[in-house]
Amino acid sequence: MNLAQTFTPARPVARHCPELTERGPRPEDRAEHLAAWRRDVAREVGQDMATLLSGTKLEAQLGEPATERGEAVFDRIGAVAANSLLRCGLGGQTALLSFSVQTAIALTDRSFGGTGEAEAEPAISLPRSAGLLVEQAARTIAQAIARVSAAGGAADEVAGDVIIRSESASRLKPFTPLSECMVFELTLRASDGVSWAGTLAMPTERLVSLLPGAGSLAQAKDDQDAKANPAQTALSAIPLSLQAVLAEFDLSLSQLDRLAPGDRIPLSVAREIPLRVGPKLVASGSLGTMDDKMALRLTRVTGGAAFAAAANAGASSFSAPSLSTGPLA
């Protein structure tokens, strides 16, 4: 007697995405990781900032985070302050660092050997010397955060820098007014009792990706995605021609017909220069110089999806990346 049977499933076997099947860290674990991150960042900042402030022995403290909407953070900082947009993670994570104008001037005074005590009279503008000191301090803090967040990563992979500075925090667009943000008070205290305070803020999801270990998990996920989609790896090697459009304007057909050598066309260069692959906007930045050449310092990146869309659209020609202007720009 043959007892062999062939059974057919009543319905397809369910497949769940990893986001549903994998359990994330427990709240108490995340709180523990955050406390360790705050402690390590404070230690690194204290050590690094001491050199900047004429060898002053410093104790740094990164306070407990407060959860606020982006608009509340902007109100807290005020209309005028020494604000810096930091790049402080392997994944290009950004954060807002802000010092009051009085604090920036006091830190500058300390760096030149003064007492570093803030003036009682509120300052309404940031002197150039204070702006330079704040940029150095912000870069130092960004690098400290990057080192801690890298959690033992290779030294050459640690990315910490100042993307851009402004006296208006909202102009830097570190987050939207409705974003949920984590806000920390950064305190620097010298051995003689003088102290300075600043504000560090970033969207909550961005902070989670900065906690130690998050970078390696993200890298593992990227590697897994690349294996699942080999075409993505192949596309990433295609060279694209980039255009930085300095200015765009309209001319009537009659004006175009009357153009002659020697004519002058006034240009109004925007504060943010768009960077495009064909018609696709992939980034924008501010115009500056590097090694005596015109350069573009990126302030916002749209993301890799725009590059992929441009490649899939079948651009007519591909060449080594270059920096050029648009028509009549």
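For the structure itself, consult the block above.
Bear in mind the structure is a predicted one, so any value in this text is a computation, not a measurement.

Calculation rules
In this numbering scheme, every chain counts its residues from 1 along its sequence in written order. In keeping with the predicted nature of the model, local features appear solely for residues at pLDDT of at least 70, side-chain atom pairs appear and are counted solely at 80 or more, and the whole-chain, interface and lining totals rest on all residues. Calculation of side-chain values draws on the structure's entire complement of heavy atoms; hydrogens and water are dropped beforehand. Runs of E in the DSSP output that reach at least two residues are strands. Runs of H or I that reach at least four are helices, and both are numbered from the N terminus. Categorising residues by exposure relies on relative accessible area from a 1.4 Å probe, with only protein chains included: less than 20% of the type maximum marks a residue as buried, more than 50% marks it as exposed, and the intermediate range marks it as partly exposed. Between two residues, a contact is recorded if the distance between any of their heavy atoms is within 4.5 Å. To measure how exposed things are, a 1.4 Å probe is used in the Shrake-Rupley method; for residues, cover is taken only from the protein chains shown. Each pair of aromatic rings taken from Phe, Tyr and Trp, with Trp reduced to its six-membered ring, is defined by centres within 6.5 Å and is described as stacked if the planes are under 30 degrees apart, edge-to-face if over 60, and tilted in the remaining cases. A pair of strands is treated as paired once DSSP finds two or more bridges between them. Nonpolar core, defined: a set of buried Ala, Val, Leu, Ile, Met, Phe, Trp, Tyr and Cys residues in which side-chain atoms within 4.5 Å join the residues together. One side-chain nitrogen of Lys or Arg within 4 Å of one carboxyl oxygen of Asp or Glu is enough to make a salt bridge. Residues adjacent in sequence count toward polar contacts only when both atoms are side-chain atoms; beyond that, a polar contact is any pair of N or O atoms within 3.5 Å, and within protein one must be able to donate a hydrogen and the other to accept it. Axis lines are fitted through C-alpha atoms, for helices just across the contact stretch, and the angle between N-to-C directions can take any value from 0 to 180 degrees. Under this scheme an angle from 65 to 115 degrees is roughly perpendicular, one under 35 degrees roughly parallel, and one over 145 degrees roughly antiparallel; angles in between are oblique. When residues are sorted by character, Ala, Val, Leu, Ile, Met, Phe, Trp, Tyr, Cys and Pro go into the nonpolar class, Asp, Glu, Lys and Arg into the charged class, and all the rest, Gly among them, into the polar class. What goes into a patch is any residue over 30% in relative accessible area without a salt bridge, connected to like charges within 9 Å or, for nonpolar side chains (Val, Leu, Ile, Met, Phe, Trp, Tyr), within 5 Å.

Peer 1: How would you summarise the overall build of the protein chain if you had to cite specific residues and measurements?
Peer 2: On a plain count of helices and strands, the protein chain comes out with 10 helices and 11 strands. A burial count over the protein chain gives 35% of its 329 residues as buried. A separation threshold of at least 6 residues defines the contact pool for the protein chain, and within that pool the share at least 24 residues apart is 65%. Here the protein chain has roughly 20,400 Å² of accessible surface; of this, 53% comes from carbon and sulfur atoms.

Peer 1: So what's going on with the packing of aromatic side chains? Residues and values would help.
Peer 2: Taken as a whole, this structure holds two aromatic pairs when the rule is applied. Ring plane angle 20° and centroid distance 5.2 Å describe the contact between phenylalanine 74 and phenylalanine 175, whose orientation is recorded as stacked. Placement of phenylalanine 74 in helix 3 (residues 70-77) and of phenylalanine 175 in the loop between strand 5 (161-166) and strand 6 (180-190) is noted, with a sequence separation of 101 residues between them. A relative accessible area of 14% means that phenylalanine 74 is categorised as buried.

Peer 1: Talk me through the pairing of strand 9 (residues 273-277); I want residue IDs and the actual numbers.
Peer 2: Within strand 9, four of the five residues are buried, which leaves it mostly tucked inside the rest of the structure. In the sheet, strand 9 pairs with strand 10 (residues 280-290) via five bridges, with the strands oriented antiparallel. What sits directly across from valine 277, in strand 10, is lysine 280. Counting the residues that bridge the hairpin from strand 9 to strand 10 gives two residues, and of these glycine 278 lies at a positive phi of roughly 65°.

Peer 1: Which residues make up helix 4 (residues 101-111), and what are the values?
Peer 2: With eight of its 11 residues buried, helix 4 lies for the most part within the structure. The set of residues buried in helix 4 consists of Val101, Thr103, Ala104, Ala106, Leu107, Thr108, Arg110 and Ser111. Downstream of helix 4 by a residue or two, glycine 113 has a phi angle that is positive, lying close to 95°.

Peer 1: Help me get a handle on the nonpolar core, residues and values and all.
Peer 2: One finds Trp37, Trp196 and Leu200 to be the most contacted residues of the largest nonpolar core, which totals 45 residues. Looking at which element gives the most residues to this core, the answer is helix 5 (residues 128-150), with 10 residues.

Peer 1: A description of the pattern of salt bridges should follow, citing residues and the corresponding values.
Peer 2: Summed over the entire model, instances satisfying the criterion amount to 11 salt bridges. Taking the shortest distance from any N to any O, the salt bridge between arginine 147 and aspartate 48 comes out at 2.4 Å. In this pair, arginine 147 sits in helix 5 while aspartate 48 sits in helix 2 (residues 27-52), placing the two residues 99 residues apart along the sequence. Taking the relative accessible area as the measure of exposure, arginine 147 reaches 33% and is therefore partly exposed. Under the relative-accessibility criterion, aspartate 48 is labelled partly exposed at 24%. Each of Arg39, Asp40, Arg43, Glu44, Asp48 and Arg147 takes part in a single network of salt bridges with overlapping partners.

Peer 1: Can you tell me about the sheet that holds strand 8 (residues 243-244), naming the residues and giving the values?
Peer 2: If you walk across this open sheet you meet the four strands as 8-9-10-11, and the pairing is antiparallel. The outermost strands of the open sheet, each flanked by one partner alone, are strand 8 and strand 11 (293-301).

Peer 1: A description of the environment of serine 170 should follow, citing residues and the corresponding values.
Peer 2: Mapping serine 170 onto the fold places it in the loop between strand 5 and strand 6. Between the alpha carbons of serine 170 and glutamate 71 there is a distance of 8.6 Å; along the sequence they are 99 residues apart. Of note is the side chain of serine 170, whose polar atom sits 3.3 Å from the side chain of serine 168.

Peer 1: How would you sum up the side chain of threonine 140? Please name residues and give values.
Peer 2: Relative to the elements of secondary structure, threonine 140 occurs in helix 5. Separated by 2.9 Å, the side chain of threonine 140 and the backbone oxygen of glutamine 136 make a polar contact. The residues touching threonine 140, leaving out its near neighbours within four places in the chain, are Asp48 and Met49.

Peer 1: I'd love a proper account of the packing of helix 4 against helix 5, names of residues and values included.
Peer 2: Interaxial distance between helix 4 and helix 5 falls to 9 Å at its minimum, and their mutual angle equals 85°. With respect to helix 5, the element helix 4 is oriented roughly perpendicular. Listed contacts from helix 5 to Ala104, Ile105, Leu107, Thr108 and Ser111 of helix 4 are Ser129, Ala130, Leu133 and Val134. Along the lines of polarity and charge, the residues of the contact of helix 4 with helix 5 split into six nonpolar, three polar and no charged.

Peer 1: Before we move on, could you go through a nonpolar patch on the surface and cite the residues and values that matter?
Peer 2: Taken together, Leu251, Leu253, Leu256, Leu259, Ile265, Leu267, Val269, Leu287 and Met294 make up a surface patch of nonpolar side chains, about 810 Å² in accessible area. Mapping leucine 253 onto the fold places it in helix 9 (residues 253-258). Under the relative-accessibility criterion, leucine 253 is labelled exposed at 71%.

Peer 1: I'd love a proper account of the side chain of glutamate 135, names of residues and values included.
Peer 2: Along the polypeptide, glutamate 135 turns up in helix 5. Relative accessible area serves as the criterion here: at 19%, glutamate 135 is assigned to the buried category. Polar contacts involving the side chain of glutamate 135 include one to the side chain of arginine 165, which spans 3.2 Å. Ignoring anything within four residues of it in the chain, the contact list for glutamate 135 reads Val162, Arg165 and Arg297.

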